[in-house]
Amino acid sequence: VQLIRDPEVGAAFKRLLWVPVSQEPDMFGLIRVLYYQLTSRKLPASAEEERDAVQELRQAAKGKRVLLVLDDCWDAKHGELLNCVDADAGSACVITTRIRNLAKGEVSCGLLSQEESLSLLLTSADLKHLIDNPPAAAMDAVECCGRLALALPIAGGMIRQMDDVWQTQL
């Protein structure tokens, strides 16, 4: 998300494309979403089959400088099918995943630092004011979540729902 929101990244590309792939994606639906993000138009009705839709998507991306983010991809086949970017035009595709060696050029981000984890947890819990002096319960929550970026916002949402009792309940 930070990549897509970065002003310098936005200035470097004509379009920023983002789709949440997930474990069992609706590939045709994702192709339609990408096509719309790319062209601001619906996929032509003539693209009834998935292969036709992929061809339309790739044709629409040809010659355009775009950044494509395939978020939470679980299968290399999904990444290959959805990757419509034209590298010759200066486009790039970023795939986020928890699966090791899913694609070439992997960069492992590792765990968040304790400071980053606390910030993510407390921001997700609407408790930003505690970041500079976090309570012990927040530190415990960070460790219980294993400092995983996927788990911390969920825990933060649970803390937000617990209101004032979260520290004792935790």
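Everything that follows concerns the structure shown earlier in this document.
All of the points below concern the structure found in this document. (Residues numbered from 1 in each chain as written. Predicted model: local features only at pLDDT ≥ 70, side-chain atom pairs only at ≥ 80, totals over all residues. Heavy atoms only, no water.)

## Thoughts on the overall build of the chain
Looking only at helices and strands, the chain has nine helices and three strands in total. Mapped from its N terminus to its C terminus, the chain presents α and β elements in the order α-α-β-α-α-β-α-β-α-α-α-α. Dimensions of the chain, computed from C-alpha atoms along their principal axes, come out at roughly 60 × 30 × 30 Å. Counting every position in the chain, which comprises 170 residues, the buried fraction comes to 32%. Taking as baseline every contact in the chain between residues at least 6 positions apart, the subset at least 24 positions apart corresponds to 58%. By element, 50% of the accessible surface of the chain is carried by carbon and sulfur atoms, the whole surface being about 10,800 Å². For the chain, the centre of its 18 positive side-chain charges and the centre of its 24 negative side-chain charges are spaced 8 Å apart. (Helix = DSSP H or I, 4+ residues; strand = E, 2+ residues; numbered from the N terminus. Buried < 20%, exposed > 50% of the residue type's maximum accessible area, 1.4 Å probe, protein only. Contact = heavy atoms within 4.5 Å. Areas by Shrake-Rupley, 256 points an atom, 1.4 Å probe, with all protein chains shown as cover. Lys, Arg positive; Asp, Glu negative; His and termini not counted. Charge placed at Lys NZ, Arg CZ, Asp CG, Glu CD.)

## A few points about helix α3 (residues 27-39)
Taking 1.5 Å per residue as the helical rise, α3 with its 13 residues ought to reach 18 Å, and the 18 Å between its terminal C-alpha atoms agrees with that figure. Among all positions in α3, only M27, G29, L30, I31, L34, Y35, L38 and T39 are buried. Each element contacted by the buried residues of α3 is listed here: β1 (15-22), α4 (50-61), β2 (66-73) and α5 (76-82). (Expected span 1.5 Å × (residues − 1).)

## What about the sheet that holds β2?
One open sheet holds the three strands; their spatial order is β1-β2-β3, and the pairing between them is parallel. The open sheet has two edge strands, β1 and β3 (92-95), and neither has a second partner. This sheet shows a mean twist of 15° between the axes of neighbouring strands, independent of strand direction. Here β1 runs beside β2; their pairing, made up of seven bridges, is parallel. What sits directly across from P20, in β2, is D71. (Pairing = 2+ DSSP bridges. Axes fitted to C-alpha atoms, helices over the stretch in contact; angles between N-to-C directions.)

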